[in-house]
Amino acid sequence: MKIAVHAKVLSEKRLNGIGYYTYNLLKTLSKIDRVNEYFLYSNTPLFHKIEAENFREKILSFPKLWTYLRWPFEFIDGKYEVAFIPHEKLPFFLKTKSVITVYDLHPLKEYLTSPISLSAKVHFFIAIKYAIKKADKVIAISESTKRDIIENCNISPNKITVTPLGYNGELYKSYSNEDLIRSVKERYGIKGNYIINTSSLLWYRKNLPRLIKAFHICKSKRLINHQLVITGKKGEAYSEIIAMIKSLNLKKDVILTGYISTEDMPILLSGADVLVFPSLYEGFGLPIVEAMACGCPVITSNCSAMPEVAMDAGILVNPYNEEEIANVIGKVIEDGELRNNMRRKGFERIKMFSWERTAKETLKVFESLK
């Protein structure tokens, strides 16, 4: 088969969530699939390369909207059997069978109350619904996302394949070198014990204001003597977070690290006493898996995809209840035996997640369209 891949995300120097998925999926496919040919399309050169004989770059010199205006012309002669778009976009005039990946439908579900721009809402309501209905196959990264697609887009469950995400097992592992952990802590101004929340961006749906309130309750009740470390770049909730930290007099106790390098993240997770991830909505929740791989106990939400990812290896809480979050944090910090049991279960749970499994299931989807 000849498979055309929309690979624009690989032209960005710093991979975001979709880029991380696309790169790891394609890199793993290049190792397990030597038969099919892959043509990686972008309108700018790829920064992240896939080195394999059956993977080739195709750069289309075209400005914005090349996905909809230029790329479809590549399919007119029928040279490709499949077009793979690793996100929720699909050209209106695509003359081949297509596969798209859907991560979550949060903006679609929260249309009226979402703070996203009007143009983004139009994109989600028109472009994404069209792509999901038009695509021959849809890949969802969790059963939760599959349910959302069925409920919101009225398509057959048989059209959707769930391929859970993998994680980098060479990078995300338990680090026990105290000097290494200490040096990374010093780099980010962390002193003593800490709990951690890992986010790529400080979004409203990450529920950080409630986490900070729960942390304040813990401190007020003297349940813990820790700092709260929140990773991630500035996002839509940043101003509210800063104001809350100031109003609760937590400037010395809450650390906003900004972007964390891929090398530092597993070390920070290894040094933390617990990951607290009370997100309101996740298509998957990869930070849960990465924390478990580093031996970090996990407290997460009892909604959307997080229960199916954490299972009984984590403790689930109501993300809208600050008191409950605070009490569970205090319980986990106080009980060393509980933390050890959570670590053990976490190491067992992560065996279910690998990029090889993701790639194999994705390849089955491609080959089903022969």
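Above: the structure in question.
Can you break down the sheet that holds strand E2 (residues 37–42) residue by residue, with the values?
With respect to topology, seven strands assemble into an open sheet ordered E3-E2-E1-E4-E5-E6-E7, the strand pairing being parallel. Two strands lie at the open edges of the sheet, namely strand E3 (55–59) and strand E7 (160–162), each paired on one side alone. Within the sheet, the average angular offset between the axes of one strand and its neighbour, ignoring direction, is 25°. Pairing of strand E6 (residues 137–140) with E7, which is carried by three bridges, proceeds in the parallel orientation. Residue pairing across strands places Ile139 opposite Thr161, the latter belonging to E7. Across the sheet, helix H1 (residues 17–32) lies against strand E1 (2–6), E2, E3, strand E4 (82–85), strand E5 (97–102) and E6, angled at about 140° from E3, the strand it touches most.

I'd like a rundown of the pattern of salt bridges, residues and numbers included.
Going through the model one piece at a time under the given rule, you end up with 14 salt bridges. Where Glu348 meets Lys351, a salt bridge forms, and the shortest distance between an N and an O atom there is 3.0 Å. Note on Glu348: relative accessible area 47%, which makes it partly exposed. One network of salt bridges, with partners in common, ties together Asp104, Arg205, Lys206 and Glu282.

Quick one: what's the story with the packing of aromatic side chains, residue by residue and with numbers?
Scanning the entire structure with this criterion turns up 14 aromatic pairs. Judged by centre distance (6.1 Å) and plane angle (85°), the ring pair of Tyr41 and Tyr80 falls under edge-to-face. Pair noted here: Tyr41 is in strand E2 and Tyr80 is in the loop between helix H2 (66–69) and E4, with a separation of 39 residues, a long-range link. A relative accessible area of 0% places Tyr41 in the buried class. For Tyr80, a relative accessible area of 6% translates into the label buried. With centroids separated by 6.4 Å and ring planes inclined at 65°, the aromatic side chains of Trp66 and Trp71 adopt a geometry described as edge-to-face. Here the two residues Trp66 and Trp71 agree in accessibility, since each one is buried.

About the cut-offs
Residues numbered from 1 in each chain as written. Predicted model: local features only at pLDDT ≥ 70, side-chain atom pairs only at ≥ 80, totals over all residues. Heavy atoms only, no water. Pairing = 2+ DSSP bridges. Helix = DSSP H or I, 4+ residues; strand = E, 2+ residues; numbered from the N terminus. Axes fitted to C-alpha atoms, helices over the stretch in contact; angles between N-to-C directions. Contact = heavy atoms within 4.5 Å. Salt bridge = Lys/Arg side-chain N within 4 Å of Asp/Glu carboxyl O. Buried < 20%, exposed > 50% of the residue type's maximum accessible area, 1.4 Å probe, protein only. Phe/Tyr/Trp six-rings, centres within 6.5 Å; stacked < 30°, edge-to-face > 60°.

Spatial relationships are all this shows, so hold off on functional conclusions.
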